[in-house]
Each structure stands twice: as C-alpha cells, then as structure tokens.
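Structure assessment
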Amino acid sequence: AKKRPFLYSKSSIEMVIFIGLFQTVRLSKWYLHFDTPSFSHYKAPNTDTAIDKVFTYLYNNFQKKIVLTELADFVSQNPTSLCRYFKKCTNKSIFQVLANIRIEYACKLLTHSNLTVNEVAFNSGYNTPTLFYEQFLREIHLTPNEYRQHINAERISNHMNITIGSPQDSTYSK
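Note that this is a predicted model, so its numbers are computed, not measured. (Residues numbered from 1 in each chain as written. Predicted model: local features only at pLDDT ≥ 70, side-chain atom pairs only at ≥ 80, totals over all residues. Heavy atoms only, no water.)

1. What to know about the nonpolar core
Note the following rule: In these notes, a set of buried Ala, Val, Leu, Ile, Met, Phe, Trp, Tyr and Cys residues joined through side-chain atoms within 4.5 Å is what counts as a nonpolar core. Any residue under 20% of the maximum accessible area for its type is buried, any over 50% is exposed, and the rest in between are partly exposed; the area is computed with a 1.4 Å probe on protein chains only. By the criteria applied, helices consist of DSSP H or I runs no shorter than four residues and strands consist of E runs no shorter than two, each listed in order from the N terminus. Any two residues whose heavy atoms approach within 4.5 Å are treated as being in contact.
V54, L58, L82, F132, F136 and Y147 are the most contacted members of the largest nonpolar core, which has 36 residues in total. Counting only elements with at least two residues in this core, the list comes to α2 (50-61), α3 (68-74), α4 (79-90), α5 (94-112), α6 (117-123), α7 (129-140) and α8 (144-164). By residue number, the principal contributor to this core is α5, which donates 11 residues. Filtering out sequence-adjacent residues up to four positions away, L58 remains in contact with I66, L71, I94, V97, L98 and I101.

Here it is, written out as structure tokens:
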C-alpha cells in the first residue's frame, strides 16, 4: 500500500501548490491571481527580463501546446541558454513550471466545475489524460478523483457545521 502524506485538507493542498509556485516565482516580479477557474491574461510588471517574459508566455498559453523554440523566440534567446538560465534563476525547469500552472488550473476546475477528469485534463492543456494523472498525483499526492471527492466532502462538512451549529454557537440546542 502506498503511503500518502497527511496533506488532505483543501487548504493544505492549496498551500502546497501556492508555496511551490511562490518558490518558483520569488526571484521574478510576478504576482499571481488564482481567484477564478479561468485565468486572465497576464503581463509581468517588468517585462525586460527573460524570466518575466517566460512567465507571461506560460500563463497566457498554458492551455496550448508549448514549443520550446517558440518560447525562446518570444524572449529572443537560444532555447538551450534559456532553459539553463531559467533553471538557474528559479530552481525549476520551464516545463516543471508549466506543469505547476496546469495543475493549479486543474485544481480550480475540479473544485468549481462539474467537468469530467478527462475534460479537466484537456482544458488544462494536457493532450493525454495519462500524463495529467501522473503529474497531478506527483504534485498533489492524490488522484484527480480523490482530490475532487475530498473537496466535496469538506464542503459538505463545512455546510453541516454552518447549518447545524456547534456547541459554541448560541443557536445550538441539544
């Protein structure tokens, strides 16, 4: 049997994702807005640096197929040099960051939509559900279905606490 980390609350899972993304972008002047399931188009505050341009490109195109040569052309750099420089600055590869962005978006879709897991995979930029499942499990330590079930169970639990009340609540009666 696989051991699963104790990260089973929605807030814990979202915090792990946020910390991973924060560590990735801490050297850049990026700020993140993950309030809704659909991301807006982003432009880095200071687009003079290649790192900021890479983040701009990834956030604006994560649902499409990302081709390294096109990304390198966008930032006016050689693909090999860009990969090396990006990894040096962020401690992650460009495609690791892309996977983080896609998984974060998938979490929002799983939380806020009734799309099937395959539809979530395709809407998050994955061409194959298999790769989506593998990366999701690696990043979140739950399958997409387990993640959705956990989020739904937590919603029901929170709803029950609000509607039934608690011993500390003045409206609670035995």
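Once you've had a look at it, read on.
2. Concerning the packing of aromatic side chains
Stated formally: Here is the rule: rings of Phe, Tyr and Trp (six-membered ring for Trp) pair when centre to centre is within 6.5 Å. Planes less than 30 degrees apart are stacked, more than 60 are edge-to-face, and the remainder are tilted. Distance and angle both matter: a charge sits over a ring if NZ of Lys or CZ of Arg is within 6 Å of the ring centre and within 35 degrees of the ring normal.
For the structure on display, the rule yields seven aromatic pairs. On the basis of an interplanar angle of 75° and a centroid distance of 6.1 Å, the ring pair of F132 and Y133 is categorised as edge-to-face. Given the relative accessible area of 0%, F132 is considered buried. The class for Y133 is partly exposed, based on a relative accessible area of 30%. Aromatic rings pair up to connect Y126, F132, Y133, F136 and Y147 into one cluster. Lying across the ring of Y126, R102 places its NZ or CZ 5.5 Å from the centre.

3. Concerning the confidence of the model for the protein chain
We apply this condition: Confidence of the predictor in every single residue is expressed as pLDDT, which spans 0 to 100.
Residues at a pLDDT of 70 or more form 63% of the protein chain, whose mean pLDDT is 78. Within the protein chain, helix α1 (residues 10-25) has the poorest average pLDDT of any element, 50, and α6 the best, 97. In this model residues 22-42 is a low-confidence stretch, pLDDT under 50, and it forms 49 contacts with partners more than four residues away in sequence or in other chains.

4. Overview of unusual backbone geometry
Phi is positive for S76, close to 60°, though the residue is something other than glycine. Mapped onto the elements, S76 comes out in the loop between α3 and α4. Despite not being glycine, N91 has its phi angle at roughly 65°, a positive value. Following the sequence through the fold, N91 ends up in the loop between α4 and α5.

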